[in-house]
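Structural overview
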Number of protein chains: 4
Amino acid sequence: MCRWLAYSGTPVTLQALLYKPAHSLIDQSLHSQLGVESTNGDGFGMGWYGEQEIPALYKSTAPAWNDRNLRELAGSVKAGLIFAHIRASTGTPVQQTNCHPFRHGKWLWMHNGAIAQFQEVKRDLTLAIDPSLYVEIEGSTDSEVFFFLALTLGLEHDPPAAIERAVGLIEHVGHSHGVEHPIQMTVATSNGEKVWAFRYSSAHASRSLFHSADVSTLRDQYPDNPVLQELSGDARLVVSEPLGDLQGAWREVPESCCVIVHGAEEELRPFAPTAP
Amino acid sequence: MCRWLAYSGTPVTLQALLYKPAHSLIDQSLHSQLGVESTNGDGFGMGWYGEQEIPALYKSTAPAWNDRNLRELAGSVKAGLIFAHIRASTGTPVQQTNCHPFRHGKWLWMHNGAIAQFQEVKRDLTLAIDPSLYVEIEGSTDSEVFFFLALTLGLEHDPPAAIERAVGLIEHVGHSHGVEHPIQMTVATSNGEKVWAFRYSSAHASRSLFHSADVSTLRDQYPDNPVLQELSGDARLVVSEPLGDLQGAWREVPESCCVIVHGAEEELRPFAPTAP
Amino acid sequence: MCRWLAYSGTPVTLQALLYKPAHSLIDQSLHSQLGVESTNGDGFGMGWYGEQEIPALYKSTAPAWNDRNLRELAGSVKAGLIFAHIRASTGTPVQQTNCHPFRHGKWLWMHNGAIAQFQEVKRDLTLAIDPSLYVEIEGSTDSEVFFFLALTLGLEHDPPAAIERAVGLIEHVGHSHGVEHPIQMTVATSNGEKVWAFRYSSAHASRSLFHSADVSTLRDQYPDNPVLQELSGDARLVVSEPLGDLQGAWREVPESCCVIVHGAEEELRPFAPTAP
Amino acid sequence: MCRWLAYSGTPVTLQALLYKPAHSLIDQSLHSQLGVESTNGDGFGMGWYGEQEIPALYKSTAPAWNDRNLRELAGSVKAGLIFAHIRASTGTPVQQTNCHPFRHGKWLWMHNGAIAQFQEVKRDLTLAIDPSLYVEIEGSTDSEVFFFLALTLGLEHDPPAAIERAVGLIEHVGHSHGVEHPIQMTVATSNGEKVWAFRYSSAHASRSLFHSADVSTLRDQYPDNPVLQELSGDARLVVSEPLGDLQGAWREVPESCCVIVHGAEEELRPFAPTAP
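Owing to the predicted nature of the structure, the values given are computational and were not obtained by experimental measurement. (Residues numbered from 1 in each chain as written. Chains lettered and ligands numbered in written order. Predicted model: local features only at pLDDT ≥ 70, side-chain atom pairs only at ≥ 80, totals over all residues. Heavy atoms only, no water.)

Here's the deal with the relation of the copies chain D and chain A
Put simply, the two copies of the chain differ by a rotation about an axis and a shift along that axis. When chain D is fitted to chain A, the residual RMSD is 0.0 Å, and the transformation amounts to a turn of 180° plus an axial shift of 0.0 Å. Both copies are brought into coincidence by an operation consistent with a two-fold rotation axis. Taking C-alpha positions as reference, the residue of chain D nearest the rotation axis is Val-77 of chain D, located at 3.9 Å. Residue by residue, 100% of the interface of chain D is reproduced at the interface of chain A, so both copies engage with the same surface. (Least-squares fit on C-alpha atoms with pLDDT ≥ 70 in both. Contact = heavy atoms within 4.5 Å.)

Now the structure itself:
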């Protein structure tokens, strides 16, 4: 169970997002305050949309706080849509193929949470993945299976509907194996234009999820904050745990909701699994 | 496609096997002469039966020639039944979960070769694995799927028969996908008492496999060879490529054959896949 | 700044020491209670005296809690004198050559603490190392320089006297660079027969150090504790942080002291740096 | 002993340089034809000048042919001045701090070759490094000591003169230790504007070094070559081994020479060590 960050806005260096803020994602890798585990040292990954349509990935099994390449890239790479994720394994091996974000074509996916008793339901869920997608599975996590289920069920056409179907299927399969609360999730996905972020759990007691308030308002309130000054007015962040210590900077995403970020526009929608 | 070594005999250090012989396995990691690839630098693994019934494993994604821990262990660990394997990836990621030998309970398994067009047949083969074994799959190689198929089909009760069934199934599934020559293999497996080694390929043009001649005879012929002097009379080696430069030390395992090593006794049997 | 453990006694598996106790060293790698940092995830190392006079080493840059090879070795390797160390870097790179224990011939060395403002004094201290030892330096830590200084000043002949001289030199060089409190340390060293452990700091506010009470007494007190039952009567542990939750099991080593463990015998001596 | 490439010209992706050419640097990591070792699998590094004055670095201890992050970055990062280096260790550990290129401020440095009997001369050479630079040494290679000697002797002001002094010092110290041929080298260094490349050895039998012929001429000769079409007219490559199979594309740098590349201009100068 993990921590993640999704950024969309004018291109910034990763440094501005990952290292500069008080309580940054790198800092959370050592000292998370809201996560289930306080240490997220089981690998790291980021994806960013650059000049190509296909996003680039950097993944490492080293703890993020110690990864020198990450620090170099953070100072060098600039992008307008960035996903970053720090991992605390729930049992599956620490290897690059288990690091988020996962990618399929131009789509990125990252997840904090777990499919409950995954070893028991893994085979049924994996069988539900379309055979043409099945061969792309490289790792052994629940999060990657979840991604390929969502792709199978239409992620590329209607992300909220596809994820509602995928979660419905996961709950159905879990219940049929006697699992009371089959899923716990915050998820972010993107096609390079929009970001969709979801907060849901079968027990209706979901992990934390926040999105940023209007940056221009914040910048007026905090004229001395260097991170805010680097961000454009249409910059939007969705994070599993607030960065920094700015009063009023973060709004909690409500239970069973989806946030859609498209440029400066945000839309909040209810999220409800669709039974198969 | 890889290089491997299986040793059974009086306990020796790994050093005697891995580093001392001319053209040792470590040397082969840089300069294989008989392998399809001359460099086998995509990870390394070894398994050994010590005081516990369950064999211990050491796996690394670093090239074997540079792994300091391997050098340390080789000087420190002594065992009477040892598997060692150097990997040259045929496409799947370089990660510990893809390193041989694979383990299930007290069973070890290592493979040189490939299931042809694995991405096309992977799903069908994986579905044929018993669901109770399916959850133990950790990596993404054809070799691990092959192991779990053999376990599903009775490896723990009759290894040659189970592997004949597994290969029969792999050929059947391959042919049904239009693959002309579905498998290429040398395989070694053990339960800690016996070693079974197999040489087979659908095209009847299999990778090389050798077993050692009688060590006591050799010791008489080469009284100055330090490795031979360390080995007991009942020591037996099965290798994908001969170690050292001893004339008469190595006998080739014939095509479509199985060698069974049990103490000083060896048995050679024909191997023929069983169609499902 | 790190956590470490030194064991001497009847041969045990590392598992008994590293994984079984409540608040084990592995557990401390995630959640240290007494250390300066709560996470010690910047590498791991252990050294053990087996059949050879030269101890074997296993070092890894992965966090200890996630290292599968460590778990395998812990179940397989048995030794009567074991050093284990988890690292929290104070700035130097995370690489195997910076992992403790360090080794020279049959000597092992591990350190928790720091030489203050090491970058400023490093050159002077390194120059004081005997040229024949200088070439053995492989990493970039203060701890390794400290070890080679102690070797230069007679560690192999009289460890307490040599370390008193080394610390005296470190304090002299530090003071000449305007450093108020040049060293902070708990150190363990061994030649395979005895263990010497030191607690000292220039500010007389040293990191914690504990040694175990008499194991046979404890075993009588706690007949149900599985770890105690595996240990022999002459087993002795010196640790930077107590393992387990046994009342009376641990005695604090006083400030500015050295503990010498030789079989079941322990000696406590005052420690005072010798100015050069 | 290693292989390297220096590119200067209109910004290109690394992919165009590292993966596309026949006999590319990645290909050389497995199958070098002119190097002393045929496998260069002991780490990889690259440095590039992006928007910041300080170049960015990416280093990895994995063999280059298998590094997925390298493949991702190669498709994503574009730069107009790029250094890339694949390492075959001559004995020093495989760790990121031993990977080239080395960096000091805006300067990059990479080296193929060796300081002969480095362990014997290391201390004397290291002592000759300016104390303010000494503290920046992170690894344990001869190449990094060479770099810091050159910096000590004026690299930032007059690279050819500084390197002539550094080589003179290395030869002097070597000879005083009875080493017949103290150095073997091809070296590249840059400040982000120019590239200086050197070919020299004490025995006057230096490793190979090539620079590219005029790209526009080549493009006319080979209108179908995709790599050439991506390169601008002022693109210049200096390489330890020719890429591709283009007749007339590569000119050998003569023995004891320095090539200076500045935009489309190239200057060839004699190189002669200056005795201290």
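Overview of the interface of chain D and chain A
On the side of chain A, 18 residues touch chain D, which itself brings 18 residues to the contact. For the chain D and chain A pair, buried surface summed over both sides reaches about 1,500 Å², with 35% attributable to carbon and sulfur atoms. The salt bridge involving Arg-68 of chain D is made with Glu-138 of chain A; its shortest N-O contact spans 2.6 Å. Remark: the boundary between chain D and chain A carries 12 residue pairs in polar contact (both at pLDDT 80 or more). Looking at the side of chain D that touches chain A, the elements with two or more residues in it are β3 (56-60) and α3 (68-76) of chain D. Per-element tally for the side of chain D that touches chain A: the top contributor is α3 of chain D, with 6 residues. (Buried area = accessible area lost by both parts, 1.4 Å probe. Salt bridge = Lys/Arg side-chain N within 4 Å of Asp/Glu carboxyl O. Polar contact = N/O pair within 3.5 Å; in protein donor to acceptor, adjacent residues only side chain to side chain. Helix = DSSP H or I, 4+ residues; strand = E, 2+ residues; numbered from the N terminus.)

Description of the packing of helix α4 (residues 118-127) of chain C against helix α6 (residues 142-152) of chain C
For any two helices packed against each other, one specifies the inter-axial angle together with the distance between the axes. Residue and element names in this part refer to chain C. Where α4 meets α6, the closest approach of the two axes is 11 Å, and the angle between their N-to-C directions is 25°. Here α4 lies roughly parallel to α6, going by the angle between them. Remark: the crossing between α4 and α6 carries left-handed chirality. When α4 is examined against α6, the residues Phe-118, Leu-125 and Thr-126 are found in contact with a partner set consisting of Asp-142, Val-145 and Leu-149. Looking at side-chain class alone, the contact of α4 with α6 contains 4 nonpolar, 1 polar and 1 charged residues. (Axes fitted to C-alpha atoms, helices over the stretch in contact; angles between N-to-C directions. Parallel < 35°, antiparallel > 145°, perpendicular 65-115°, else oblique. Left-handed = near helix turned anticlockwise from the far one by under 90°. Nonpolar A, V, L, I, M, F, W, Y, C, P; charged D, E, K, R; others polar.)

Thoughts on the confidence of the model for chain A
All names here are of chain A. Mean pLDDT over chain A works out to 87, with 91% of the residues at or above the 70 mark. Here helix α2 (residues 25-31) stands out as the element of chain A with the lowest mean pLDDT, 65, in contrast to helix α7 (residues 159-176), whose mean of 98 is the highest. Per the prediction output, this complex has pTM 0.90; the corresponding ipTM is 0.87. (pLDDT = per-residue confidence, 0-100.)

Describing the packing of aromatic side chains
Each aromatic ring pair is summarised here by two numbers: the centre-to-centre distance and the angle between the ring planes. All names here are of chain A. Here the structure, examined in full by the defined rule, presents 26 aromatic pairs over all chains. Both rings, one in Trp-109 and one in Phe-146, keep their centres 4.9 Å apart while their planes meet at 85°; by these two values the pair is edge-to-face. Here Phe-146 lies in helix α6 (residues 142-152) and Trp-109 lies in strand β6 (residues 107-115), a separation of 37 residues in the sequence. Classification of Trp-109 by relative accessible area gives buried; the value is 0%. The buried category is assigned to Phe-146, whose relative accessible area is 0%. (Phe/Tyr/Trp six-rings, centres within 6.5 Å; stacked < 30°, edge-to-face > 60°. Buried < 20%, exposed > 50% of the residue type's maximum accessible area, 1.4 Å probe, protein only.)

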